[in-house]
Amino acid sequence: MSFDIHIIGGGLAGSEAAWQLAEAGLRVRLSEMRGGGDTTPAHDSDRLAEMVCSNSFRSDDAENNAVGLLHQEMRALGSLIMRCADQHRVPAGSALAVDREAFAAEVTWAVEEHPRIAVVRERIDALPDHPAIIATGPLTGSGLAAAIAAETGSEALAFFDAIAPIVHRDSVDMDICWMAARWDKGGKDYINCPMDKPQYEAFVQALVDGDKTEFKDWEKDTPYFEGCMPIEVMADRGVETLRFGPMKGVGLDNPRTGRWPYACVQLRQDNALGTLWNMVGFQTKLKHGEQVRIFRTIPGLENAEFARLGGIHRNSFINSPRLLDGELRLKTKPNIRFAGQITGCEGYVESAAVGILAARFAAAEQRGHRLSPPPVETALGALLGHITGGADADTFQPMNVNFGLMPPLEGRPKKADRKKAYTERAREHFQAWLD
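It should be emphasised that the depicted structure is a prediction, and the values quoted were computed from it without experimental measurement. (Residues numbered from 1 in each chain as written. Predicted model: local features only at pLDDT ≥ 70, side-chain atom pairs only at ≥ 80, totals over all residues. Heavy atoms only, no water.)

Draft legend 1. Structural detail: the environment of P194. Following the sequence through the fold, P194 ends up in strand β11 (residues 190-195). A relative accessible area of 12% means that P194 is categorised as buried. With sequence-adjacent residues up to four places away left out, P194 is seen in contact with I176, C177, W178, Q199, N254, P261, A263, C264 and P299. (Helix = DSSP H or I, 4+ residues; strand = E, 2+ residues; numbered from the N terminus. Buried < 20%, exposed > 50% of the residue type's maximum accessible area, 1.4 Å probe, protein only. Contact = heavy atoms within 4.5 Å.)

Draft legend 2. Layout of a nonpolar patch on the surface. A contiguous nonpolar patch, built from W183, V250 and W260 and spanning about 340 Å² of accessible area, is present on the exposed surface. Along the chain, W183 falls in the loop between β10 (178-179) and β11. (Patch = residues over 30% accessible without salt bridge, like charges linked within 9 Å, V, L, I, M, F, W, Y side chains within 5 Å. Areas by Shrake-Rupley, 256 points an atom, 1.4 Å probe, with all protein chains shown as cover. Salt bridge = Lys/Arg side-chain N within 4 Å of Asp/Glu carboxyl O.)

Draft legend 3. Up close: the side chain of R268. If you trace the backbone, R268 turns up in strand β12 (residues 263-269). Lacking a salt bridge, the buried R268 has D270 as its closest oppositely charged neighbour, with an N-O distance of 5.9 Å. Sequence-distant contacts of R268, that is, excluding residues within four places in its chain, are made with S54, N55, S56, A92, A97, Y190, L276, W277, N278 and V280. (Lys, Arg positive; Asp, Glu negative; His and termini not counted.)

Draft legend 4. View of the UniProt feature "binding site: FAD" (unreviewed entry) in the protein. With numbering aligned to this structure, UniProt lists the feature "binding site: FAD" (unreviewed entry) at G9, G10, G11, L12, A13 and G14. Tracing the backbone shows G9 in the loop between β1 (5-8) and α1 (12-23). Following the sequence through the fold, G10 ends up in the loop between β1 and α1. Given the relative accessible area of 0%, G10 is considered buried. Dropping the residues within four chain positions of it, G10 is found in contact with S15, L30, S31, E32, R34, L48 and A49. (UniProt positions renumbered as here; feature names shortened; annotations may be inferred.)

Draft legend 5. Molecular detail of the nonpolar core. With 87 residues, the main nonpolar core has I7, L21, F57, F103, I133, L328 and F338 as its most contacted residues. It is helix α10 (residues 348-366) that provides the largest number of residues to this core, a total of twelve residues. When neighbours within four sequence positions are excluded, F338 is seen to be in contact with I134, I148, I318, L324, L328, L330, T343, V354 and A358. Membership of the second largest hydrophobic core comes to 33 residues, among which are V204, A206, L242 and M247. (Core = buried A, V, L, I, M, F, W, Y, C linked by side-chain atoms within 4.5 Å.)

What follows is the structure, given as structure tokens:
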């Protein structure tokens with residue numbers, strides 16, 4: 001099939017961009033190297049939009065959370081990723097979590113069956129001269145990464161991203177653990193494994209002393225993304241760090257004691273059957289044998305069976321504020337746009353959102369029009385503004401969407417009303433932009 005736009009990369013951003021362009025009436029060639037003889041250190045299959053780190057799209061609260069607001073805006077723009085996520089969601093309190101295998105299968109089927117999309121299993125190693133969107137994600141192949149570096153005249157920035165373990169539900173001891181969400185918000189959707197002070201301190205010491213994966217020379221100076229910090233790196237920052245981070249017991253009443261635990265490990269449902277549960281915030285670079293040994297010291301997980309152990313891989317991204325214009329085009333080669341995590345946005349939702357924007361900018365350009373960017377008061381506009389110039393290019397690091405990327409509110413509302421004021425303002429601007 002001849003095509004109007006070439007998309008390189010079949011992750012969440014590439015799949016979303018392909019869908020948006022095809023729905024706009026354009027013909028798309030989607031190149032994905034997995035399934036064509038190549039793979040990555042983090043993927044397990046050749047399905048499109050495979051989720052490799054977590055099964056959560058984070059908060060779905062559009063009233064008080066910037067991520068939930070982004071969900072709402074994406075749904076309004078006909079997002080394929082959000083539609084498939086809604087179809088395959090699993091219980092997760094106020095968060096949107098999905099059965100990751102069913103989700104990826106749904107996205108793959110939708111994209112491959114679209115009459116205006118041709119999915120080609122091939123690796124692309126050079127920058128194309130025709131209209132294209134590069135959405136190769138944080139694990140861009142070495143050939144294409146070298147081509148990008150040669151074109152931009154600067155090396156790609158990089159950081160490490162870590163993968164959390166998954167536990168079989170029937171191996172969890174529910175005589176010790178219990179089901180609840182923090183502050184009973186959203187239902188009893190998490191398995192909670194309580195720790196007293198001696199158990200917690202011994203666990204932290206074991207993490208610090210545990211045998212870790214050794215880095216290659218070219219990886220040693222790569223910084224971690226603060227929002228996806230390995231559990232043992234947090235532990236090494238101080239004995240109390242985890243207790244005020246992913247292991248905080250605040251808001252979790254243990255029905256056996258009537259009190260909050262000193263510390264708590266939470267498990268979140270990972271598939272629709274409820275047979276697999278993700279260890280929340282437990283990204284790790286511990287060696288596999290050490291993970292089994294140390295994580296089985298957690299109360300309730302003494303006999304845990306792991307469907308997947310944690311891992312770590314290097315993520316690469318470009319310096320978008322320096323290299324891209326306001327429509328995500330490469331300044332030195334404007335036939336090419338970038339989308340997804342390679343732009344320096346962080347998170348599944350943010351990646352797909354930038355895929356929507358890149359596609360819509362490209363579709364308008366194909367028709368000889370110009371699409372006005374979404375207002376910076378919206379979640380989409382704030383994210384776009386950050387990666388295309390709002391951030392300091394000299395210190396640019398991956399960023400999740402958050403209210404801090406939006407302009408300050410007028411009138412300085414009370415702290416309790418601030419989040420809702422942001423979302424209400426965003427909806428007004430977003431609707432005006434749609435109209």
